[in-house]
Amino acid sequence: MAKQGDQLDREKLCCSICLDLLTDPVTIPCGHSYCKSCIKLRWDEEEKDDILSCPQCRQIFKMRPALVKNIVLTDLVEELKKTGLQAAPADLCYAGPGDVACDFCTGRKRKASKSCLQCLVSYCEQHLQPHYEVAPLKKHKLLKPSANIQENICSRHNEVMKIFCLTDQQCICYLCSMDEHKGHNTVSAEAEMINKKKELGLSRQKIQRRIRDQENHVKMLQQEVVAINCSADKAVTNTEKLSTDLVNVIVRGSTAVKRKIRSQQFTEVSRAKKLKEKLEQELVELRRKDTELEKLSHTEDQIQFLHNYVSLPPLSKCTLCPLPSSNTHPLQYFENVSKAVSEAGGKLTGTSTEEWNKISMTVTEVDVLLPQDPKTRAELSQYAVQRNQLTLNPNTANTRLVLSEENRKATSVKDTQSYIGHPERFMYNAQVLSRQQLTGRCYWEVQWSGLGVSVAVAYKDIARTGKESVFGDNEKSWVLECCSNGNYNFKHKGNRKTIRGRQSFRVGVFLDHRAGILSFYEISETVTVLHRVQTTFTQPPYAGLGICYFGSTAELCEVRRDIKS
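Worth saying up front: this structure is predicted, and the values here are computed from it rather than measured.

### Notes on the overall build of the chain
For step 1, the next point in the chain: The helix and strand tally for the chain stands at 11 helices and 24 strands.
For step 2, the next point in the chain: Look at the contacts in the chain between residues 6 or more apart in sequence, and 55% of them connect residues 24 or more apart.
For step 3, the next point in the chain: As displayed, the chain has an accessible area near 35,500 Å², and 53% of this comes from carbon and sulfur atoms.

### Regarding the packing of aromatic side chains
For step 1, the next point in the chain: Tallied over the entire structure, the rule returns 10 aromatic pairs.
For step 2, the next point in the chain: On the basis of an interplanar angle of 70 degrees and a centroid distance of 6.0 Å, the ring pair of Trp43 and Phe61 is categorised as edge-to-face. One end of the pair, Trp43, is in helix 2 (residues 36-46); the other, Phe61, is in strand 4 (residues 60-61), and 18 residues separate them in sequence. Summarising the burial analysis for this pair, Trp43 and Phe61 share the class buried.
For step 3, the next point in the chain: Seen from their ring centres, Tyr459 and Trp478 are 5.6 Å apart, and the 80 degrees between their planes marks the pair as edge-to-face. Of this pair, Tyr459 sits in the loop between strand 16 (452-458) and strand 17 (477-483) while Trp478 sits in strand 17; the two residues are 19 residues apart in sequence, bridging distant segments of the chain.
For step 4, the next point in the chain: Judged by its relative accessible area of 3%, Trp478 is buried.
For step 5, the next point in the chain: The ring of Phe426 carries the charged tip of Arg464 above its face, separated from the ring centre by 4.8 Å.

### Let's talk about the sheet that holds strand 17
For step 1, the next point in the chain: Pairing within the open sheet is antiparallel, and its 6 strands lie in the order 14-23-16-17-18-19. Whereas interior strands pair on both sides, the edge strands pair on one side only; in this sheet they are strand 14 (431-437) and strand 19 (495-499). For this sheet, the mean angle separating the axes of adjacent strands, direction not counted, is 20 degrees.
For step 2, the next point in the chain: One ladder, built from 5 bridges, connects strand 16 with strand 23 (residues 542-546); its direction is antiparallel.

### Here's the deal with the sheet that holds strand 7 (residues 121-123)
For step 1, the next point in the chain: Strand order in the open sheet made by the 3 strands is 7-6-8, with antiparallel pairing throughout. One side of each edge strand has no neighbouring strand; the edge strands of this open sheet are strand 7 and strand 8 (142-143).
For step 2, the next point in the chain: Across 2 bridges, strand 6 (residues 114-116) lies against strand 8 in antiparallel orientation. Note on strand 8: the bridge partner recorded for Ser115 is Leu143.
For step 3, the next point in the chain: Strands in contact with helix 4 (residues 125-133) are strand 6, strand 7 and strand 8; relative to strand 7, the strand with the most contacts, it is inclined by about 110 degrees.

### A closer look at the nonpolar core
For step 1, the next point in the chain: Grouped together as the largest cluster of nonpolar side chains are 37 residues, with contacts concentrated most on Trp444, Leu480, Cys482, Leu518 and Leu545.
For step 2, the next point in the chain: At 4 residues, the largest contribution of residues to this core is made by strand 15 (residues 441-449).
For step 3, the next point in the chain: Apart from the residues lying within four places of it in its own chain, the contact partners of Leu480 are Val453, Ser454, Val455, Tyr488, Asn489, Phe490, Ile499, Val507, Phe520 and Leu530.
For step 4, the next point in the chain: The next biggest cluster of nonpolar side chains, apart from the first, holds 17 residues, and it includes Cys35, Cys38, Val77 and Leu80.

### So, the pattern of salt bridges
Pairing between side chains of opposite charge can happen when their charged atoms approach one another.
For step 1, the next point in the chain: A full pass over the atoms with the stated rule returns 19 salt bridges.
For step 2, the next point in the chain: Among the salt bridges present, the one from Lys289 reaches Glu285, with a minimum N-O distance of 3.9 Å. Of this pair, Lys289 and Glu285 both sit in helix 7 (residues 189-297), separated by 4 residues, roughly a single helical turn.
For step 3, the next point in the chain: A relative accessible area of 17% places Lys289 in the buried class.
For step 4, the next point in the chain: For Glu285, a relative accessible area of 31% corresponds to the partly exposed category.
For step 5, the next point in the chain: Two residues, Glu445 and Arg377, come together in a salt bridge whose shortest N-O distance is 2.8 Å. Placement of Glu445 in strand 15 and of Arg377 in helix 11 (residues 377-381) is noted, with a sequence separation of 68 residues between them.
For step 6, the next point in the chain: Put simply, Lys467, Asp473, Glu481, Lys491 and Arg496 are held in one network by salt bridges that share partners.

### Quick word on the state of the cysteines
For step 1, the next point in the chain: Applying the stated rule across the entire model yields 0 disulfides.
For step 2, the next point in the chain: Considering cysteine sulfurs only, Cys30 is the nearest to Cys54, which forms no disulfide, with 3.6 Å between them.
For step 3, the next point in the chain: For Cys54, a relative accessible area of 0% puts it in the buried group.

### Topic: the pairing of strand 17
For step 1, the next point in the chain: Here strand 17 lies mainly inside the structure; 6 of its 7 residues are buried.
For step 2, the next point in the chain: Bridge analysis of strand 16 against strand 17 gives 7 bridges, and the strand direction is antiparallel. Along strand 17, the bridge assignment pairs Ser454 with Glu481.
For step 3, the next point in the chain: Pairing analysis gives 4 bridges linking strand 17 to strand 18 (residues 488-492), with the strands arranged antiparallel. Directly across from Val479, in strand 18, lies its bridge partner Lys491.

### Things to note about the side chain of Glu445
For step 1, the next point in the chain: By relative accessible area, which is 0% here, Glu445 ends up buried.
For step 2, the next point in the chain: One polar contact links Glu445 to Tyr443, side chain to side chain, over a distance of 2.6 Å.
For step 3, the next point in the chain: Within the structure, the side chain of Glu445 is placed 2.6 Å from the side chain of Arg506, a separation counted as a polar contact.
For step 4, the next point in the chain: If sequence neighbours within four positions are ignored, Glu445 has contacts with Arg377, Arg506, Val507, Gly508, Ile523, Glu555, Leu556, Cys557 and Val559.

### Describing the confidence of the model for the chain
For step 1, the next point in the chain: Model confidence for the chain is summarised by a mean pLDDT of 82, while 86% of its residues fall at 70 or above.
For step 2, the next point in the chain: In this model residues 1-8 is a low-confidence stretch, pLDDT under 50, and it forms 1 contact with partners more than four residues away in sequence or in other chains.
For step 3, the next point in the chain: Counting interchain partners and residues more than four positions distant, the pLDDT-below-50 stretch residues 85-92 has 15 contacts.

Cut-offs applied
Residues numbered from 1 in each chain as written. Predicted model: local features only at pLDDT ≥ 70, side-chain atom pairs only at ≥ 80, totals over all residues. Heavy atoms only, no water. Helix = DSSP H or I, 4+ residues; strand = E, 2+ residues; numbered from the N terminus. Contact = heavy atoms within 4.5 Å. Areas by Shrake-Rupley, 256 points an atom, 1.4 Å probe, with all protein chains shown as cover. Phe/Tyr/Trp six-rings, centres within 6.5 Å; stacked < 30°, edge-to-face > 60°. Buried < 20%, exposed > 50% of the residue type's maximum accessible area, 1.4 Å probe, protein only. Lys NZ or Arg CZ within 6 Å of the ring centre and 35° of its normal. Pairing = 2+ DSSP bridges. Axes fitted to C-alpha atoms, helices over the stretch in contact; angles between N-to-C directions. Core = buried A, V, L, I, M, F, W, Y, C linked by side-chain atoms within 4.5 Å. Salt bridge = Lys/Arg side-chain N within 4 Å of Asp/Glu carboxyl O. Disulfide = S-S within 2.5 Å. Polar contact = N/O pair within 3.5 Å; in protein donor to acceptor, adjacent residues only side chain to side chain. pLDDT = per-residue confidence, 0-100.

This is the structure:
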């Protein structure tokens with residue numbers, strides 16, 4: 001009884017706003033008492049809406065009442081403080097928004113401490129005591145407070161649902177299992193919960209692994225950002241220093257190059273204007289002939305019409321090739337010059353004359369008015385890779401391949417070569433990649449002999465061992481297999497397409513890295529397109545050769561840019 005009295009005293013001496021022991025208690029006109037600071041703060045907020053009320057009885061005051069100190073409560077609070085009872089225990093706190101309330105409390109309800117699955121009721125700590133003391137109640141299953149405890153009752157039979165129907169994937173009571181769920185596959189709800197929690201645990205493990213992976217990726221990206229910024233700052237500093245050191249050299253060299261660029265510009269613009277004038281003249285002629293034909297089409301006299309029609313001169317063929325569409329592939333102008341300027345920056349201090357001469361030479365190599373979708377060998381040759389710009393990389397050559405001294409020809413041999421081990425070497429198949437990567441638009445040709453070879457384009461990070469390393473058996477390479485019977489096979493991602501061709505031992509390859517175009521050609525008296533790929537290159541590719549038959553050879557040939565159609 002003494003214990004209950006203490007609890008009762010605590011409840012009476014608690015502020016209903018802060019739910020703690022009263023501090024500086026005051027009484028308002030309706031008779032309820034609060035902490036002075038609590039009720040002032042509450043009314044300060046209510047004054048904004050011009051409504052002042054008692055938090056407990058909701059009595060409304062037209063004017064803000066004066067706060068009167070409650071001497072009796074102040075003395076009682078002081079006595080409780082002296083006995084060490086500072087505040088109401090946590091289990092006596094009242095339920096607020098979002099809390100589960102005790103179903104047994106009358107009046108203002110306290111927070112529930114547990115919910116009982118058998119009773120389907122939530123209890124505060126005080127009303128929960130019988131479940132700890134009475135033997136039959138000790139067997140009940142207690143859970144954390146749940147506001148949805150009533151959902152455990154079957155709405156049809158008003159019985160506790162302790163069974164899970166696997167067939168219908170829902171909780172049922174024992175009467176349901178004998179009625180509409182009769183014959184269904186059922187287990188206890190507790191057993192199913194244990195099973196599902198195991199699945200849940202596995203799902204959480206997967207999610208946590210993904211979280212760790214993502215956190216690692218975020219960390220790596222943060223490190224990348226720092227590295228990028230540091231590298232960029234260093235590059236800017238070096239660039240500024242280089243600009244200062246080379247200003248005099250650059251002025252002299254750039255003047256010469258600019259003069260040559262303007263000269264080349266004048267030449268190309270003049271050529272374009274001449275082409276334009278010819279086209280305009282032809283347009284005038286065509287419009288004149290169109291007018292004559294239109295006039296003739298309105299002639300109703302049959303004899304006159306036929307006489308005039310037969311005497312019409314034949315339409316002359318167009319002597320000018322149509323210009324390429326810049327919407328499909330942007331024209332290349334003097335980008336090579338800009339690229340050469342960038343590459344020469346690090347060498348200009350010591351070898352300014354030589355480097356500016358190199359830059360000057362690139363002026364004549366710009367893609368001004370070159371065909372953007374080449375179809376003839378003459379057009380293809382305009383993009384031909386220079387001899388020293390495409391060579392084979394010995395570090396990638398399989399040990400059954402022998403390269404020429406210039407690293408442009410590969411031959412398949414029976415004896416394994418004693419090459420130094422290298423991580424880039426192909427171990428599974430007789431293959432080799434080029435040393436240089438391929439960017440922009442480029443064209444090269446391969447001359448081959450023997451039973452058959454493979455002409456490929458592949459990314460540098462293609463596998464070096466296993467089946468995934470074979471050209472065409474993965475997503476990182478495209479290959480044209482050339483057979484001695486005149487047929488070809490195109491492969492990518494392991495998918496093979498057979499192509500009928502003629503007996504030719506020369507193959508051409510055109511690559512437009514930016515546009516994602518890769519074309520293979522059969523080179524003989526004429527140029528025949530064997531296969532064309534439209535894709536998106538995610539990184540700069542490399543040229544590749546594969547020679548699986550002993551004695552077969554494949555060589556990167558030099559293609560002159562002055563080839564005639």
